[in-house]
Amino acid sequence: MAATDLEGLGRFADPAVLILSSLAGGDKHGYALVQDIEQFAEVRLGPGTLYGALSRLERRGLVEALDADARRRPYRLTPGGAQALRRYLEHARAVTATGLRRLRAAT
Amino acid sequence: MSRQSRGRGVIALYPRVWRERYGEELAHLVDSMARTRSRRNRIGLHLDLARGALDAHLETRRHSMNRLLKDSAVRCGGRYGILMGVAVAAVLTFTNVIRPAGPDESDDDPEYLIQILAAYLVIAALFVLIGAAARRRVERADSNRTDSTGRSDLFEARWVGAMAGATAGVVLALAIAITVLVIDNAFFSIISQQHDKRVAFAASGWSSMRAFINFQILRGVFVVPAMIGSLGAVLGGLGGLLARPRTSRAATA
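## Considering the overall build of chain B
No. 1: When helices and strands are tallied, chain B shows ten helices and zero strands.
No. 2: Ordered by position from the N terminus, the helices and strands of chain B form the series α-α-α-α-α-α-α-α-α-α.
No. 3: Taking all 253 residues of chain B together, the buried fraction comes to 30%.
No. 4: For chain B, the proportion of contacts with a sequence separation of at least 24, taken over those separated by at least 6, is 82%.

Next comes the structure, spelled out in structure tokens:
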């Protein structure tokens, strides 16, 4: 992972990227996040993993909780979260491009 | 037991602070996911929750420990504890290695007993001073409206002295343990000649004096920091009490 605000998340690093990517498409509560991530990444996050990552992202100021709607609380991507996600994805894109280029050259 | 109550049962494993913040929405998510999952997937869901609870406990403890270690009262006590530890390490090295006592001299001899008691009194006085210094420092920071550096986020002013004293005590105890562990092993040929060590070893029934000495030190590591830390807390608290601003003294009088 690039040197970003997402460092030090341990096993929650990948779920954190998925959550930030999902929230980049709009505010969502827990269940909507799980469904969206399953749809665009084909990854089914468990509730413990989702909230473990969400709590860490909130503490780092990368997402913010909005007012609860009944028992559901939507979350929003903060400007800092958007910047962290952008940096991470640009780094991942550069790594992906290099890897694919080298694979093409090798075959 | 219903699916919903099973989910809530696992959520009860999370730390209280965590449950208060996320418990309700997590329970809602678990209920929503359980409705659409097969029995096998629901087991995986509960295992994921249990693992999340363990993570939450570890994270909460880590966060609390980080906050504690960053608090100015703890930092102040830690700095003074390191200074005391260095001084005591120097004294221990000098009296055990550079100028060791004779083979028949004991710590219980009146000459040494007075020196040891004097050292204890100096350390006790230092704990009082540390408590007073820490409280003054925090009170000064509290009165500075433009700069929050040095304020204690975790402790009220009246507890700052006790916290600083306790921290200094624990740091001092660890410094003593490390010093003794190093010199007793590195200079074993000198240390093993000490009267008190020979007597204790003879009465212990151990076959190896080095193993006996190291066992004693390691056993002390579990007891001495708590003892000196408690003593530091009491004396540091006293120092903090003596150092409280005159206005608050008058208010409580």
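## Considerations on the overall build of chain A
No. 1: Counting its secondary structure elements, chain A contains four helices and two strands.
No. 2: Along the chain direction, N to C, the helices and strands of chain A fall in the order α-α-α-β-β-α.
No. 3: Considering chain A as a whole, with its 107 residues, one finds that 35% of them fall into the buried category.
No. 4: The long-range fraction of contacts in chain A, counting pairs at least 24 apart against all pairs at least 6 apart in sequence, stands at 54%.

## Describing the environment of Q216 of chain B
No. 1: For Q216 of chain B, the location among the structural elements is in helix α9 (residues 209-242).
No. 2: Between the alpha carbons of Q216 of chain B and L181 of chain B there is a distance of 9.8 Å; along the sequence they are 35 residues apart.

## Quick notes on the nonpolar core
No. 1: Judged by nonpolar contacts, the single largest core of 37 residues is most densely connected at A16, I19, L20 and L54 of chain A.
No. 2: Where this core is concerned, the elements lending two or more residues are α1 (13-23), α2 (30-41), α3 (47-59), β2 (75-77) and α4 (79-106) of chain A together with α1 (3-11), α2 (16-35) and α3 (39-70) of chain B.
No. 3: Ignoring anything within four residues of it in the chain, the contact list for L54 of chain A reads I19, V63 and Y75 of chain A.
No. 4: Counting residues in hydrophobic clusters, the runner-up holds 32 residues, among them F127, A134, A164 and L235 of chain B.

## With respect to the packing of α2 of chain A against α2 of chain B
No. 1: At a minimum axis separation of 8 Å, α2 of chain A and α2 of chain B run at an interaxial angle of 50 degrees. Comparing their axes, α2 of chain B and α2 of chain A come out oblique. From α2 of chain A, G30, Y31 and V34 of chain A reach across to α2 of chain B, where they touch E25, L29, S32 and M33 of chain B.
No. 2: Residues that form the contact of α2 of chain A with α2 of chain B fall into these classes: four nonpolar, two polar and one charged.

## What about the packing of helix α4 (residues 72-98) of chain B against helix α6 (residues 157-186) of chain B?
Residues and elements named next belong to chain B.
No. 1: Packing of α4 against α6 leaves a shortest axis separation of 7 Å and a crossing angle of 30 degrees. In terms of orientation, α4 and α6 fall into the roughly parallel class. For the pair α4 and α6, the sense of crossing is right-handed.
No. 2: Here the residues of the contact of α4 with α6 sort into 21 nonpolar, nine polar and no charged.

## Focus: the interface of chain A and chain B
No. 1: Taken together, the contact pairs 13 residues of chain A with 18 residues of chain B.
No. 2: The set of elements that each furnish at least two residues to the side of chain A that touches chain B consists of α2 and α3 of chain A.
No. 3: If you tally residues by element for the side of chain A that touches chain B, the top one is α3 of chain A, at six residues.
No. 4: Of the residues belonging to the side of chain A that touches chain B, the class tally is four nonpolar, six polar and three charged.

## With respect to α4 of chain A
No. 1: Under the 1.5 Å per step criterion, the end-to-end length of α4 of chain A is 40 Å for 28 residues, consistent within 8% with the ideal 40 Å.
No. 2: In this structure, the buried residues of α4 of chain A make contact with α1, α3, β1 (63-65) and β2 of chain A.

## Structural notes on unusual backbone geometry
No. 1: At E42 of chain A, a residue that is not glycine, the phi angle is positive and equals roughly 55 degrees.
No. 2: You can see E42 of chain A is positioned in the loop between α2 and α3.

## Side note on the environment of I217 of chain B
Residue and element names in this part refer to chain B.
No. 1: With respect to the helices and strands, the residue I217 is situated in helix α9.
No. 2: The sequence separation of I217 and A177 amounts to 40 residues, and the corresponding C-alpha distance is 6.6 Å.
No. 3: Those residues in contact with I217 that sit more than four places away from it in its chain are A177, V180, L181 and D184.

What counts, and where the lines are drawn
- Residues numbered from 1 in each chain as written.
- Chains lettered and ligands numbered in written order.
- Predicted model: local features only at pLDDT ≥ 70, side-chain atom pairs only at ≥ 80, totals over all residues.
- Helix = DSSP H or I, 4+ residues; strand = E, 2+ residues; numbered from the N terminus.
- Buried ≥ 20, exposed ≤ 12 C-beta atoms within 10 Å, placed from the backbone.
- Contact = placed C-beta atoms within 7 Å.
- Core = buried A, V, L, I, M, F, W, Y, C linked by C-beta atoms within 7 Å.
- Axes fitted to C-alpha atoms, helices over the stretch in contact; angles between N-to-C directions.
- Parallel < 35°, antiparallel > 145°, perpendicular 65-115°, else oblique.
- Nonpolar A, V, L, I, M, F, W, Y, C, P; charged D, E, K, R; others polar.
- Left-handed = near helix turned anticlockwise from the far one by under 90°.
- Expected span 1.5 Å × (residues − 1).

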